[in-house]
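For reference, the chains in residue letters:
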Amino acid sequence: MNKKIGIGLLGLGTVGTGVVKILQSPQGRNPLVSQLELIKISVRNKEKHRKTTINSTNLTEDPFEVVNDPLVNVIVEVMGGLEPARSLILEAISLGKSVVTANKAVIARHGEEIAEAANKAGVYVLIEAAVGGGIPIIEPLKQSLGGNKIRKVSGIINGTTNYILSQMSKDGSAYKDVLSEAQKLGYAESDPAADVEGFDAADKISILSGLAFGGPINRSEVPTKGINNLETRDLDYASRLGYSIKLLAIAENLSHQNVTKNLYDPAHLAAWVEPTLVPTEHPLAGVNGVNNAILIEGDPIGEVMFYGPGAGSGPTASAVVADILNIAGIKTMSTKDEPLDPLLQAASWRECHLVDSTRISQKNYVRLITEDSPGVIGRIGNLFGDNKVSIQSIVQFDASADGAEIVVITHKVNKGAMECSLSKIRELKEVKSLGAHLGCL
Ligand code: NAP
Ligand code: HSE
């Protein structure tokens, strides 16, 4: 079977270059790789120096030319951004071409529209590289874990911020220096605000929630806090208390205990992104550098963790090529139009709703800057107690002429009660400001 599959590449940056390197060296890889033929590549600027050897006649500055080329069977979108990426994906689908994309921003916002168009046209849109870089997580959720009722998906799903936090904790490096290193290494988004403000992780947890819980969620409703306001002293205090700080994305099915026999019951989910204290003995605490890890809790599997490089050229290209091979395998084997493989195509089977975020329950880390005077800790403790917030520990770290820093770790409490107690505590005359409020596992 030597049927060639024509590949059209939209983008030749960090990920696109990694894909080309794999396609140009098929030896030792799955034999299907040698059946993939790179037909055309679009870039923004043809004159730019490239890290890979490409015949310049294969390059174009018009991405629609790639999509419309009759020799191209599969479109690989690794250009990023919302437009023209969304329109190019829809155009490819309308021409009956399957699509592979690493673009979580476009899938988190327009995934439903794209999946509907793809299913109607009888083509695949595969997105393995959109979450977790090189870690296989999308297809495992769609296929290998399909027999489970998923209770919770949580993890570290942004490589740039994990790299920054790891370097800052390891050697106290300055935030800005580490961010610029992550950009040089090709981990960061073209606008790194998407990484450090948590939006990239929110895109990814929205995608994972849709797959894990059976239906899309509204991306704009995911409460999101990034690491951009995190202070080095919080990493230090956390470490002294036996925790690491990680940017976690969490999605939990709060309705699983009430699920009736009706498979199509809506799922009531809590989903959020937030810097979180993770006990040093927890498996996520040891995930450092650009690595990502995703913990899935389901019935009957229990807990399973997926771990590996969450960004970068080679790892992400590995995921992209896996998707191309899935499509190429089907194209090579089929002799006529066949129905889509239901496990590989995008599928929803119920509605998913996000609950009001005040219903989310978790432990908290709070740093207060206060006057260093008798009775302050007592008054803070009383206000937490009045609002039914139970304290696990309360410690004064620093006392100087400027005042004291009081760090509180609470037991699990709902966000509504927590916010209410913090607003009362802020009114105490001895409390100068709220230094930090983070989640805690
Ligand atoms: P990148 O390095 O910035 O590369 C983007 C490529 O697309 C460049 O070749 C650029 O052309 C081209 N391009 C951008 N806008 C274009 C337009 N309007 N018209 C034509 N060409 C255009 O980005 P990347 O890091 O490879 O990321 C690509 C996608 O993969 C994004 O969706 C990103 O979120 C996702 N992703 C990235 C990683 C990672 O580790 N980097 C991991 C997982 C997923 P020029 O080269 O001429 O500028
Ligand atoms: N900017 C993203 C990250 C790329 O750092 O995780 C991988 O999706």
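Residues numbered from 1 in each chain as written. Chains lettered and ligands numbered in written order. Predicted model: local features only at pLDDT ≥ 70, side-chain atom pairs only at ≥ 80, totals over all residues. Heavy atoms only, no water.

S.K.: Describe the site of ligand 2, listing the residues and the values that go with them.
M.R.: Taken together, Lys-104, Asn-158, Gly-159, Thr-160, Tyr-187, Ala-188, Glu-189, Asp-195, Asp-200, Lys-204, Gly-310 and Ala-311 are the residues near ligand 2. One of the backbone nitrogen or oxygen atoms of Gly-159 is found 2.7 Å away from an oxygen atom of ligand 2. Contacts to ligand 2 include Thr-160, whose side-chain N or O atom sits 2.6 Å from an oxygen atom. Within the complex, the protein chains bury 93% of what would otherwise be the 250 Å² of accessible surface of ligand 2. A breakdown of the residues in the shell around ligand 2 according to their chemical character gives three nonpolar, four polar and five charged. (Near = heavy atom within 4 Å. Polar contact = N/O pair within 3.5 Å; in protein donor to acceptor, adjacent residues only side chain to side chain. Areas by Shrake-Rupley, 256 points an atom, 1.4 Å probe, with all protein chains shown as cover. Nonpolar A, V, L, I, M, F, W, Y, C, P; charged D, E, K, R; others polar.)

S.K.: Break down the pairing of strand β14 (residues 391-400) for me, citing the residues and quoting the values.
M.R.: Summarising the sheet, β14 and strand β15 (residues 403-410) pair through eight bridges and their orientation is antiparallel. Of the residues in β15, the one forming a bridge with Gln-396 is Ile-406. Between the antiparallel neighbours β14 and β15 lie two residues. (Pairing = 2+ DSSP bridges. Helix = DSSP H or I, 4+ residues; strand = E, 2+ residues; numbered from the N terminus.)

S.K.: Got a sec to walk through the sheet that holds strand β1 (residues 5-10)? Specific residues and values, please.
M.R.: The pairing of strands in a sheet happens through backbone hydrogen bonds and is either parallel or antiparallel. Overall, parallel pairing links the six strands, which are arranged β3-β2-β1-β4-β5-β6 in an open sheet. Whereas interior strands pair on both sides, the edge strands pair on one side only; in this sheet they are β3 (59-60) and β6 (125-126). Packed onto the sheet, helix α3 (residues 85-94) meets β1, β4 (74-77), β5 (98-101) and β6 and runs at close to 150° relative to β5. (Contact = heavy atoms within 4.5 Å. Axes fitted to C-alpha atoms, helices over the stretch in contact; angles between N-to-C directions.)

S.K.: Give me the site of ligand 1: which residues, what numbers.
M.R.: As a structural note, the neighbourhood of ligand 1 is formed by 23 residues, with Leu-12, Asn-45, Arg-50, Glu-189 and Gly-312 the closest of them. In the environment of ligand 1, an oxygen atom lies 3.1 Å from a nitrogen or oxygen atom belonging to the side chain of Lys-104. Interatomic distance of 2.7 Å between a side-chain N/O atom of Glu-189 and an oxygen atom of ligand 1. Compared with its free state, where it exposes 910 Å², ligand 1 has 86% of that area covered by protein.

Scope: geometric values only; no functional claims are made or implied.
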